[in-house]
There are 2 protein chains.
Amino acid sequence: MSNIRKVAELAGVSVATVSRTLKSPDIVSPATRDKVLQAVETAGYRPNRMAVQFRSRRSHNLAVLVPTIANTFFARVIAGIQQAAREQGYGVLLCNTLGREEEELQYAGMVAARQADGIIQLRAFNPFPEDAVEPGQALPMVNACEVLDDAPCPTVKIDNRAAARTLTEHLIALGHRRIAMIQGPRRSPLTRDRVAGYRDALEAAGIVPDDALLCPGDFTPRAGHEAVTTLLDRTVRPTAIFCESDEMAIGAISRLKQAGLSVPDDVSVAGFDDIAFARYSDPPLTTVAQPAEAFGRRAVDMLIDILEARGQGASHVVLPYELVIRDSTAAPRA
Amino acid sequence: MSNIRKVAELAGVSVATVSRTLKSPDIVSPATRDKVLQAVETAGYRPNRMAVQFRSRRSHNLAVLVPTIANTFFARVIAGIQQAAREQGYGVLLCNTLGREEEELQYAGMVAARQADGIIQLRAFNPFPEDAVEPGQALPMVNACEVLDDAPCPTVKIDNRAAARTLTEHLIALGHRRIAMIQGPRRSPLTRDRVAGYRDALEAAGIVPDDALLCPGDFTPRAGHEAVTTLLDRTVRPTAIFCESDEMAIGAISRLKQAGLSVPDDVSVAGFDDIAFARYSDPPLTTVAQPAEAFGRRAVDMLIDILEARGQGASHVVLPYELVIRDSTAAPRA
DNA sequence: TTGAAAGCGCTAACAT
DNA sequence: ATGTTAGCGCTTTCAA
């Protein structure tokens, strides 16, 4: 493996000149530049990134803390992150945390260890110990998708409460009054906000919320499936089910069909996220489309803004969502 | 940020002793060890990974080249990679290549640039230029899932031909004779092997293959959907469709239902992969289960074997698959 | 515009 | 068992 010294020799210049030629070609004379580039070519020289990073105290890596990559929504967010990072010369270190705080703390340590310059956290948890970063310095973190209420860093999200309200209003407008909700994880702000939006809509329509219609879940199809099993036992069954993720909606529909019920004729089902499968579900899913890739791209931009201290930019970004009405929701049976 | 020298001072030892205490605690005296660890604690010392990596010429990063992370099958493979890498002290650099060779070449350059120690390639393409690595040295790469015929490195896969044959035999045993196939990308060895297995089964049953029943695809639900549109135009329609991925199978079923056809009563549909959604599809999908996480874990183990030169281990691993029969396949209409 | 030289934080060979 | 010391390959003053 050839290094900068070999190239310098070959070109008959100093190592400093080689470094400069590669980093700021415009400050060396054209003649020198040509010589150097020629030498780089013949030597097959590639700068040693470990050395560059070490010396310049920048790893140019972003650590992404994701609860689970095996979720098509997060996968899309990560795809957005990867693309944006690459475009700006950053690498992406993947950290599949399974939502465990212990893991998240460890991964956040990558910043202290200079393995990553900053992190993108896709869950509402601050993995930095209080004393982890120099006081006065901005935390090198962006919190996206599921966001802390009092995040100590920039955030990117949609207005979950409004989105949930919009979706619930759609259901109410169709004539539903017994609307169940299959929720995300108990403590998640996502769940709290969406339940709030759901309540907003019910109250505005003069419907008394019934907690018996609230089912716990965890965003997986399996959770949707199980929650419906519970709901089918209710003496008064819901006529519509609002699922906090498309994956749960798909699980829910599967269970309803097992029970011999038709969607949407017997029960309407709505999801959240608008994953690729939503339109191929039977029936195609009514859902709230989230800008998954945009979450990722935006988070990267904001994080790099912090890292390179190029203006602090907007610190709390709210991206638009969209209600997508397909065929899984309809008026209840008369 | 405190460094090793500060810790050495604090503990009243040399920097070498600090380094040793952290790397091989057993070769320093207990008394010294305590002093040092104490000092590490008070100083809040974290070794600078950039420096460690630079000096020891090991990044302890693995680059993963994945055609698209927005595919639940690959997402599972990556989850397996991440877990295994973490357990062995390696980081995972995610490289979403979209299957573009240009991108893959660039990412493979990370090894030359010492940003990654090796790569896991999930597509049948060798991204290393011939002269990229010292001759005599093993290529720091493992090729998994979709594997080159003459891979210059260890590989992990299933026997795709046998798996396709098994699945096709299942369809034939049910009584199908007009079996369509929705394929993966044209040039993929995966496609070639699975088509071969499909032909094997047909021939063994004395069925003449009909190329009009072979549809191109790309593993996405959309491709499955479109392929069925084509198939429905055939004068003699197939009674069964073998899709090379569950995602395509889901798209295919969606299109069949749109056309008013019932699965499996009118047409049987089988998939490949056994993604999480397969069992929640309507009807639940008959498919070939692939050990996705195991692919990832195994690939990591094999790559680290190369990197740390700890025995070369098996170089071409074939993992088991399993035919999972659910409800999307049945005997054809009489 | 270019070169000389210091040094980033750490590891490892060598010496004690 | 511990210390001394020479760099790893690069960037970046500072001087010419």
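Residues numbered from 1 in each chain as written. Chains lettered and ligands numbered in written order. Predicted model: local features only at pLDDT ≥ 70, side-chain atom pairs only at ≥ 80, totals over all residues. Heavy atoms only, no water.

Chain A carries the name LacI family repressor for deo operon, udp, cdd, tsx, nupC, and nupG in an unreviewed UniProt entry, which gives Halomonas organivorans as its organism.

### Regarding the protein's contact with DNA strand D
Around DNA strand D, the surrounding shell holds 27 residues, and the nearest of these are Ile4, Tyr45 and Arg55 of chain A together with Thr32 and Arg55 of chain B. Within 4 Å of the protein, atoms of DNA strand D come from sugar and phosphate in 60% of cases. Between Asn48 of chain A and DNA strand D, the recorded distance is 3.1 Å, taken from a backbone N or O atom to a phosphate oxygen. Elements that contribute at least two residues to the surface near DNA strand D include exactly helix H1 (4–11), helix H2 (15–23) and helix H4 (49–56) of chain A together with helix H2 (15–23) and helix H4 (49–56) of chain B. A per-class count over the surface near DNA strand D returns twelve nonpolar, eight polar and seven charged. (Near = heavy atom within 4 Å. Polar contact = N/O pair within 3.5 Å; in protein donor to acceptor, adjacent residues only side chain to side chain. Helix = DSSP H or I, 4+ residues; strand = E, 2+ residues; numbered from the N terminus. Nonpolar A, V, L, I, M, F, W, Y, C, P; charged D, E, K, R; others polar.)

### Here we look at the pairing of strand S6 (residues 179–182) of chain A
All names here are of chain A. Burial along S6 is two-sided: Ile179 and Met181 facing one way and Ala180 and Ile182 facing the other are all buried. Where S6 and strand S8 (residues 240–243) come together, four bridges link them in parallel fashion. Bridging from a neighbouring strand, Ile179 pairs with Ala240 of S8. Where S6 and strand S7 (residues 214–215) come together, two bridges link them in parallel fashion. Within S7, the position partnered with Ile182 by the bridge is Cys215. For the segment spanning S6, helix H8 (residues 189–204) and S7, crossover handedness is right-handed. (Buried < 20%, exposed > 50% of the residue type's maximum accessible area, 1.4 Å probe, protein only. Pairing = 2+ DSSP bridges. Right-handed = clockwise from strand over helix to strand, strands pointing away.)

### Quick notes on the UniProt feature "domain: HTH lacI-type" (unreviewed entry) in chain A
Those residues carrying the UniProt feature "domain: HTH lacI-type" (unreviewed entry) are residues 2–56 of chain A in this numbering. The straight-line gap between the two end C-alpha atoms of residues 2–56 of chain A is 20 Å; of that span, 71% is helix and 0% is strand. (UniProt positions renumbered as here; feature names shortened; annotations may be inferred.)

### Remarks on the domain arrangement of chain A
All names here are of chain A. On domain assignment, one finds that chain A holds domain 1 (1–47), domain 2 (58–156 + 292–317) and domain 3 (160–289). Taken over C-alpha atoms, the centre of domain 2 sits 30 Å from the centre of domain 3. With nine residues of domain 2 in contact, the opposing surface of domain 3 contributes ten residues. Interface of domain 2 and domain 3: buried area, both sides summed, is about 740 Å²; carbon and sulfur atoms make up 47% of it. Joining domain 2 to domain 3, the criterion identifies one salt bridge. Put simply, Asp149 and Arg192 hold a salt bridge, and the shortest N to O gap is 2.7 Å. Applying the counting rule to domain 2 against domain 3 returns four residue pairs in polar contact (both at pLDDT 80 or more). Within the side of domain 2 that touches domain 3, the residues separate by chemical class into four nonpolar, two polar and three charged. (Domains from an automatic or database assignment. Contact = heavy atoms within 4.5 Å. Buried area = accessible area lost by both parts, 1.4 Å probe. Salt bridge = Lys/Arg side-chain N within 4 Å of Asp/Glu carboxyl O.)

### Focus: the pattern of salt bridges
Scanning the model with the defined rule gives 34 salt bridges over all chains in all. Among the salt bridges present, the one from Glu226 of chain B reaches Arg222 of chain B, with a minimum N-O distance of 3.1 Å. With Glu226 of chain B and Arg222 of chain B both in helix H9 (residues 221–233) and four residues apart, the pair spans about one turn of that helix. Between Arg333 of chain B and Asp266 of chain B there is a salt bridge, with its nearest N and O atoms 2.2 Å apart. Here the residue Arg333 of chain B occupies a position in the segment after strand S12 (322–324), and Asp266 of chain B occupies one in the loop between helix H10 (246–258) and strand S9 (268–270), the gap between them amounting to 67 residues. Accessibility expressed as a relative area gives 57% for Arg333 of chain B, which makes it exposed. Where salt bridges share partners, they join Lys257 and Asp282 of chain A together with Lys257 and Asp282 of chain B into one cluster.

### Looking at the sheet that holds strand S6 (residues 179–182) of chain B
Strand pairing within a sheet occurs via backbone hydrogen bonds; the two strands may be parallel or antiparallel. All names here are of chain B. Spatial strand order, S7-S6-S8-S9: four strands in an open sheet with parallel pairing. For this open sheet the edge positions go to strand S7 (214–215) and S9, each flanked by a neighbour on one side alone. Lying on the sheet, helix H8 (residues 189–204) is in contact with S6, S7 and strand S8 (240–243); it crosses S6 at an angle near 175°. Along the sheet, H9 contacts S6, S7 and S8; its crossing angle with S6, the most-contacted strand, is approximately 145°. (Axes fitted to C-alpha atoms, helices over the stretch in contact; angles between N-to-C directions.)

### Topic: the protein's contact with DNA strand C
Within the structure, DNA strand C sits among 25 residues, and Thr17, Thr32 and Arg55 of chain A together with Ile4 and Tyr45 of chain B are positioned closest to it. Within 4 Å of the protein, atoms of DNA strand C come from sugar and phosphate in 65% of cases. For DNA strand C, a sugar or linking oxygen lies 3.0 Å from a polar atom in the side chain of Arg57 of chain A. Counting only elements with at least two residues in the surface near DNA strand C, the list comes to H2 and H4 of chain A together with helix H1 (4–11), H2 and H4 of chain B.

### Topic: the sheet that holds S6 of chain A
All names here are of chain A. The four strands are arranged S7-S6-S8-S9 in an open sheet whose pairing can be described as parallel. With one partner strand each, in any of the chains shown, S7 and strand S9 (268–270) form the two edges of the open sheet. Across the face of the sheet, helix H9 (residues 221–233) comes into contact with S6, S7 and S8 while running at roughly 145° to S6.

### Section: the packing of H1 of chain B against helix H3 (residues 30–43) of chain B
Helix-helix packing is characterised by the crossing angle of the two axes and by the distance between the axes. Residue and element names in this part refer to chain B. Following both chains from N to C, one finds H1 and H3 inclined at 125°, their axes separated by 8 Å at the closest point. Considering the angle they form, H1 stands oblique to H3. Between H1 and H3 lies a crossing of right-handed hand. Across the interface between the two elements, Val7, Leu10 and Ala11 of H1 pack against Lys35, Val36, Ala39, Val40, Thr42 and Ala43 of H3. Its residues placed into classes, the contact of H1 with H3 shows seven nonpolar, one polar and one charged. (Parallel < 35°, antiparallel > 145°, perpendicular 65-115°, else oblique. Left-handed = near helix turned anticlockwise from the far one by under 90°.)

### Quick word on the interface of chain B and chain A
Of the residues lining the interface, 45 residues belong to chain B; the matching set on chain A comes to 45 residues. Across the chain B to chain A interface the summed buried area is about 4,300 Å²; carbon plus sulfur atoms make up 63%. The largest contributions to the chain B side of the interface with chain A come from Met50, Phe277 and Tyr280 of chain B, which together make up 18% of the buried area. Our enumeration of links across chain B and chain A arrives at four salt bridges. A salt bridge links Asp282 of chain B to Lys257 of chain A; the nearest nitrogen and oxygen atoms lie 2.6 Å apart. When contributions to the side of chain B that touches chain A are tallied by element, the ones reaching two or more residues are H4, helix H5 (72–87), strand S2 (91–96), helix H6 (101–112), H9 and H10 of chain B. Split by residue class, the side of chain B that touches chain A holds 22 nonpolar, 14 polar and nine charged.

### Here we look at the relation of the copies chain B and chain A
In this arrangement, two copies of a chain are superimposed by a rotation about an axis accompanied by a shift along the axis. Note on the copies: chain B fits chain A at an RMSD of 0.1 Å, the axial shift is 0.0 Å, and the rotation between them is 180°. Classification of the inter-copy transformation places it as that of a two-fold axis. Relative to the rotation axis, the closest C-alpha in chain B is found at Leu93 of chain B, a distance of 2.4 Å. (Least-squares fit on C-alpha atoms with pLDDT ≥ 70 in both.)

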